[in-house]
Amino acid sequence: AQSVTQLDSQVPVFEEAPVELRCNYSSSVSVYLFWYVQYPNQGLQLLLKYLSGSTLVKGINGFEAEFNKSQTSFHLRKPSVHISDTAEYFCAVSPGSSNTGKLIFGQGTTLQVKP
Amino acid sequence: DGGITQSPKYLFRKEGQNVTLSCEQNLNHDAMYWYRQDPGQGLRLIYYSQIVNDFQKGDIAEGYSVSREKKESFPLTVTSAQKNPTAFYLCASSIELRGEQFFGPGTRLTVL
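One structure accompanies this document, and this report is about it. (Residues numbered from 1 in each chain as written. Chains lettered and ligands numbered in written order. Predicted model: local features only at pLDDT ≥ 70, side-chain atom pairs only at ≥ 80, totals over all residues. Heavy atoms only, no water.)

Section: the overall build of chain A
Moving on, step 1. Summing up its helical and strand segments, chain A has zero helices and 12 strands in all.
Moving on, step 2. Of the regular secondary structure in chain A, the N- to C-terminal order runs β-β-β-β-β-β-β-β-β-β-β-β.
Moving on, step 3. At 14 Å, chain A has a C-alpha radius of gyration in line with the 13 Å of a compact globule built from 115 residues.
Moving on, step 4. With respect to the principal axes defined by its C-alpha atoms, chain A has extents near 45 × 30 × 20 Å.
Moving on, step 5. Counting across all 115 residues of chain A, residues that qualify as buried make up 45%.
Moving on, step 6. Contacts in chain A between residues far apart in sequence, at least 24 positions, make up 56% of those at least 6 positions apart.
Moving on, step 7. Of the charged side chains in chain A, 8 are positive and 8 negative; the average position of the first set lies 9 Å away from that of the second. (Helix = DSSP H or I, 4+ residues; strand = E, 2+ residues; numbered from the N terminus. Rg over C-alpha atoms; globule rule 2.2 N^0.38 Å. Buried < 20%, exposed > 50% of the residue type's maximum accessible area, 1.4 Å probe, protein only. Contact = heavy atoms within 4.5 Å. Lys, Arg positive; Asp, Glu negative; His and termini not counted. Charge placed at Lys NZ, Arg CZ, Asp CG, Glu CD.)

What follows is the structure in structure tokens.
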């Protein structure tokens, strides 16, 4: 069975500093990987996704993530954060093509951007 | 505009009353989901449906019921058997179970 672990529950960072939100997964089969963002009292919206191909994935709002198969990780990065990036971030994993199963979410990481 | 709608945004009910949360999608997705979110918590799956007229229990189905009579609609009933129903409820849909999920704006339920 697959699972996903977000290693930090909260990440405080100053505005314009770089940030990395960590995500590790466990799965015995190929996977699809996703990062979602949730602003207060709203639904989740997709930041980026890895399905296949290049391991460096670029998403919206200047975020990017790198798929590392050997380390089973999919860490999210942004070189310079803004106050508006303050939100909850969820990593998710699902079985890749030719496999059955559904999308599984991590517990979330709260990014707190301070002025 | 394609998307998922949930209504109402805020819902108040008295303890002991059943309440139904609406979820409608016009994305032509086969799969739909209901999640519960509590403060500081992640997403917990209540029920999901892979196709019309079929649904499966998630991790916390006790005290909830669903129906999937139409592809576009997946209403969730919070029954009086649910011990602590006050929470933020999110509905989502996807083309298939392993695919990207699209989320609605959520319904905040408060039981007084």
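From this point, the narrative continues.
Considering the packing of aromatic side chains
All names here are of chain B.
Moving on, step 1. In this structure the tally under the stated criterion is 12 aromatic pairs over all chains.
Moving on, step 2. Centroid distance Tyr 35 to Phe 103: 5.8 Å. Interplanar angle 35°. Geometry classified as tilted. Note that Tyr 35 is positioned in strand E4 (residues 31-37) and Phe 103 in strand E10 (residues 102-103), a separation of 68 residues in sequence.
Moving on, step 3. A residue is classified by how much of its surface remains accessible, and Tyr 35, at 4% relative accessible area, is buried.
Moving on, step 4. The exposure class assigned to Phe 103 is buried, which follows from its relative accessible area of 12%.
Moving on, step 5. Centroid distance Tyr 64 to Tyr 89: 5.9 Å. Interplanar angle 65°. Geometry classified as edge-to-face. Of this pair, Tyr 64 sits in strand E7 (residues 64-66) while Tyr 89 sits in strand E9 (residues 87-94), placing them 25 residues apart in sequence.
Moving on, step 6. By relative accessible area, which is 5% here, Tyr 64 ends up buried. (Phe/Tyr/Trp six-rings, centres within 6.5 Å; stacked < 30°, edge-to-face > 60°.)

Observations concerning the interface of chain B and chain A
Moving on, step 1. If you look at the interface, chain B gives 19 residues, while chain A gives 22 residues.
Moving on, step 2. For the pair chain B and chain A, the summed buried area comes to about 1,600 Å², and 52% of that belongs to carbon and sulfur atoms.
Moving on, step 3. In terms of surface lost to chain A, no three residues of chain B exceed Leu 43, Arg 98 and Glu 100 of chain B, which account for 39% of the buried area on that side.
Moving on, step 4. For Lys 49 of chain A, the salt bridge identified is with Glu 100 of chain B, shortest N-O distance 2.8 Å. (Buried area = accessible area lost by both parts, 1.4 Å probe. Salt bridge = Lys/Arg side-chain N within 4 Å of Asp/Glu carboxyl O.)

With respect to the side chain of Gln 38 of chain A
Moving on, step 1. As for its position among the elements, Gln 38 of chain A is in strand E5 (residues 31-38).
Moving on, step 2. Judged by its relative accessible area of 6%, Gln 38 of chain A is buried.
Moving on, step 3. There is a polar contact of 2.8 Å between the side chain of Gln 38 of chain A and the backbone oxygen of Gln 42 of chain A.
Moving on, step 4. Not counting the four nearest positions on each side in its chain, Gln 38 of chain A is found in contact with Gly 43, Leu 44, Ala 87, Glu 88 and Phe 90 of chain A together with Gln 37, Phe 88 and Leu 90 of chain B. (Polar contact = N/O pair within 3.5 Å; in protein donor to acceptor, adjacent residues only side chain to side chain.)

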